[in-house]
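Single-letter residue listing:
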Amino acid sequence: MRPCQGRQADMKQRERVRNRLLNGLSESDYQRIASDMEAVELALGEVVAHRASPLEWAFFPLTAVLCTMTVLSDGDTMEGCAVGNEGMEGLCLLTDELSEPDRITVLVKGEVLRIRAATFRRQAKERLSMSQLLTRYLLFLARRGAHNAACIQHHAIEERMCRWLLETADRNGQDRFHFTQESLSQMLGVRRQSVNTAARHLQQAGLITYHRSKLTIVDRCGLEEASCECYRSNRVLYEQTITLPNDTKRGDIGDEARQERVPATFPHSFMRKIPRRVPKRGGSMPPV
Ligand SMILES: [Zn+2]
């Protein structure tokens, strides 16, 4: 983990549009929390928290993808929850140490904004838009968890791999990233051999290339058609759950007199219709 030099000065302007939760804050809440954050670059496979070491930071990914891993009694690990620029890691800081995750690792290298645990707790309590967004995000995670359980039960591994690749591309903002077979098998909850077979099928169909941990999406439209319905339904669920009423986005607890107007560029049209297909081959969907 290394600080991103020269990034703090312009953070308030640029990162405003790169993390969807931060995007959803009122302008005044955002300005206050941004001044307490710093940008860091995380490496592939880096462990940012584990049960033996209390979480010291809350993380808001910009291009990195983090994953809360569940560690079983035999030492095997499995994805609990992957988070990119649509969310944050560190909700457990709002409760107590009993809720700390087994392990949080970096699935896709990239940048995050981080904020000290104590500061995050204080901001979450004092800032209305922060408090309400985190509550809504928690609700989304609960619903997504239930949905994921159904996905694992009912959808084929190739379909689920397509979904996961699309979600990762949306979070990372690129159609090319690095994965190990081990991390893919952990994320999908299947054996490495099954990952190999599924990846080979997707390659043969001309949807991806996968060589020495480098995975490239070469046919985005085809990947969407091959994905299970969960890719699209989770995007809709996110939009419906996270959207804050306008009066909440503009107001703070005990600070109504200083309500500020939200910039014209914020937020994206949350309720826009999500296109089924992208306009051209290899293009990217709008971020989740
Ligand atoms: Zn599914």
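Residues numbered from 1 in each chain as written. Predicted model: local features only at pLDDT ≥ 70, side-chain atom pairs only at ≥ 80, totals over all residues. Heavy atoms only, no water.

1. Brief notes about the pairing of strand 4 (residues 57–61)
In the case of a regular strand, side chains alternate between the two sheet surfaces. Rules: Any residue under 20% of the maximum accessible area for its type is buried, any over 50% is exposed, and the rest in between are partly exposed; the area is computed with a 1.4 Å probe on protein chains only. Only DSSP runs of H or I reaching four residues or more are called helices, and only runs of E reaching two or more are called strands; each is numbered from the N terminus. A pair of strands counts as paired when DSSP detects no fewer than two bridges linking them.
Burial within strand 4 is extensive, with 5 of its 5 residues counted as buried. Burial along strand 4 is two-sided: the residues Trp-57, Phe-59 and Pro-61 and Ala-58 and Phe-60 are all buried. The sheet contact formed by strand 4 and strand 8 (residues 110–116) spans 5 bridges and is antiparallel. From the neighbouring strand, Phe-60 faces strand 8, where its bridge partner is Leu-113.

2. Quick word on the coordination of the zinc ion
The following threshold applies: Ligating atoms shown are N, O and S within 2.8 Å of the metal, or 3.2 Å for Na, K and Ca, and water is not included, meaning a site may look less than complete. Four donors are marked tetrahedral only if all angles between them lie between 85 and 135 degrees, whereas four are marked square planar and six octahedral if opposite donors are more than 155 degrees apart and the other angles lie between 65 and 115; the remainder are marked irregular.
Distances from the zinc ion to its protein donors, Cys-151 (SG), His-155 (ND1), Cys-228 (SG) and Cys-230 (SG), fall at 2.2 to 2.3 Å. Between the 4 donor atoms coordinating the zinc ion, the angles at the centre fall across 99 to 116°, so the site counts as tetrahedral. When the donors of the zinc ion are listed by position in the chain, the intervening gaps give C-x3-H-x72-C-x1-C. Taken together, the residues Cys-151 in helix 5 (residues 128–154) and Cys-230 in helix 10 (residues 230–242) connect sequence positions 79 residues apart. Like Cys-230, Cys-151 is buried.

3. A look at the sheet that holds strand 10 (residues 208–211)
Defined as follows: Each axis is a line fitted through C-alpha atoms, taken for helices only over the stretch in contact, and angles between the N-to-C directions span 0 to 180 degrees. We call two residues in contact when some of their heavy atoms are within 4.5 Å.
Here 3 strands make up an open sheet; going across it, the order is 9-11-10 and the pairing antiparallel. At either end of the open sheet lies a strand with only one pairing partner, and these are strand 9 (176–178) and strand 10. Averaged over all pairs of adjacent strands, the angle between strand axes in this sheet comes to 15°, irrespective of strand direction. Here strand 10 pairs with strand 11 (residues 214–217) via 4 bridges, running antiparallel. By the bridge assignment for strand 11, His-211 is matched with Lys-214. Docked against the sheet, helix 6 (residues 157–172) engages strand 9, strand 10 and strand 11, running at close to 100° with respect to strand 9.

4. Re the pattern of salt bridges
Filter applied, for reference: Salt bridge criterion: a side-chain nitrogen from Lys or Arg within 4 Å of a carboxyl oxygen from Asp or Glu.
In this structure the tally under the stated criterion is 12 salt bridges. Linking Arg-114 and Glu-38 is a salt bridge whose minimum nitrogen-to-oxygen distance equals 2.5 Å. Of the two residues, Arg-114 sits in strand 8 while Glu-38 sits in strand 2 (residues 37–42), which places them 76 residues apart along the sequence. On the accessibility criterion, Glu-38 (24% relative accessible area) is partly exposed. Here Arg-116 makes a salt bridge to Glu-56, at a shortest N to O gap of 3.9 Å.

5. Details of unusual backbone geometry
In the Ramachandran plot, Arg-212 falls in the positive-phi region, its phi being about 50° despite a non-glycine side chain. Its location among the elements puts Arg-212 in the loop between strand 10 and strand 11. Although it is not a glycine, Ser-213 sits at a positive phi angle of roughly 70°. When you line up the elements, Ser-213 lands in the loop between strand 10 and strand 11. Classification of Ser-213 as partly exposed rests on a relative accessible area of 27%.

6. Notes on helix 8 (residues 192–204)
Test applied: Helix span is expected to be 1.5 Å times the residue number reduced by one. The arc refers to the directions leading from the helix axis to the C-beta atoms.
For helix 8, which comprises 13 residues, the first-to-last C-alpha distance of 18 Å matches the rise-based estimate of 18 Å (1.5 Å per residue) to within 8%. Listing the buried residues of helix 8 in full gives Val-195, Ala-198, Ala-199 and Leu-202. Along the axis of helix 8, the buried residues cluster in a sector spanning 100°; they form a single face. In helix 8, the exposed residues that point more than 90 degrees away from the buried face are Gln-193 and Gln-204. Downstream of helix 8 by a residue or two, Gly-206 has a phi angle that is positive, lying close to 80°.

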